[in-house]
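Read off the chains here:
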Amino acid sequence: QVQLVESGGGLVQTGGSLRLSCALSGRTFSRYRMGWFCQAPGKERECVAGISRTGGSTSYADSVKGRFTISRDNAKSTVYLQMNSLKSEDTAVYYCAAHRTVSDRVVGTELDEYDYWGQGTQVTVSS
């Protein structure tokens, strides 16, 4: 069974940075494409960034392009989300998600493209 555990959330001031981590256990990490989603209070969960199984392809929501970077370390079974120049509107619970795939190019950006979810980590950006 796949288990995903996020870490790295917290409280940061506007303009600051955070790095989220998500460790996958129970299966071979390199067989899964990964994604980061966020859900703000009263809003639907939406994709922030996605990365292909090998890390060669990535995708970002327009709202975070140029500020956030998704990466993965298959040797550590971990996916990261580097968040820079944080804004108050980035405040949300951030979830990582995984989907097993044989493709080394496809990046998933929709909720229903993922099968496994972490418990979420809170990111709060204060002005």
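Quick summary incoming for the structure in this document. None of the values given here were measured: they were computed from a predicted structure.

## Some thoughts on the pattern of salt bridges
(1) Moving on: Taken as a whole and judged by the stated rule, the model has 3 salt bridges.
(2) Moving on: The closest approach of N and O atoms between Arg 33 and Glu 113, which form a salt bridge, is 3.6 Å. Of this pair, Arg 33 sits in strand β4 (residues 32-39) while Glu 113 sits in the loop between β9 (92-100) and β10 (116-117), and the two are 80 residues apart along the sequence.
(3) Moving on: Here Asp 62 makes a salt bridge to Lys 65, at a shortest N to O gap of 3.1 Å.

## Here we look at the packing of aromatic side chains
(1) Moving on: By the definition in use, this model includes 4 aromatic pairs.
(2) Moving on: Ring centres of Phe 37 and Tyr 114 lie 5.4 Å apart, and the angle between their planes is 80 degrees; this geometry places the pair in the edge-to-face category. Taken together, the residues span a long stretch of sequence, with Phe 37 in strand β4 and Tyr 114 in the loop between β9 and β10 at a distance of 77 residues. Of the two residues, Phe 37 and Tyr 114, both sit in the buried class.
(3) Moving on: Grouping aromatic residues by their ring pairs yields a cluster made of Phe 37, Tyr 114 and Trp 117.
(4) Moving on: The side chain of Arg 45 reaches across the aromatic face of Trp 117, ending 5.1 Å from its centre.
(5) Moving on: Geometry around Phe 29 places Arg 72 over its ring, the cationic atom sitting 4.2 Å from the centre.

What counts and how
Residues numbered from 1 in each chain as written. Predicted model: local features only at pLDDT ≥ 70, side-chain atom pairs only at ≥ 80, totals over all residues. Heavy atoms only, no water. Salt bridge = Lys/Arg side-chain N within 4 Å of Asp/Glu carboxyl O. Helix = DSSP H or I, 4+ residues; strand = E, 2+ residues; numbered from the N terminus. Phe/Tyr/Trp six-rings, centres within 6.5 Å; stacked < 30°, edge-to-face > 60°. Buried < 20%, exposed > 50% of the residue type's maximum accessible area, 1.4 Å probe, protein only. Lys NZ or Arg CZ within 6 Å of the ring centre and 35° of its normal.

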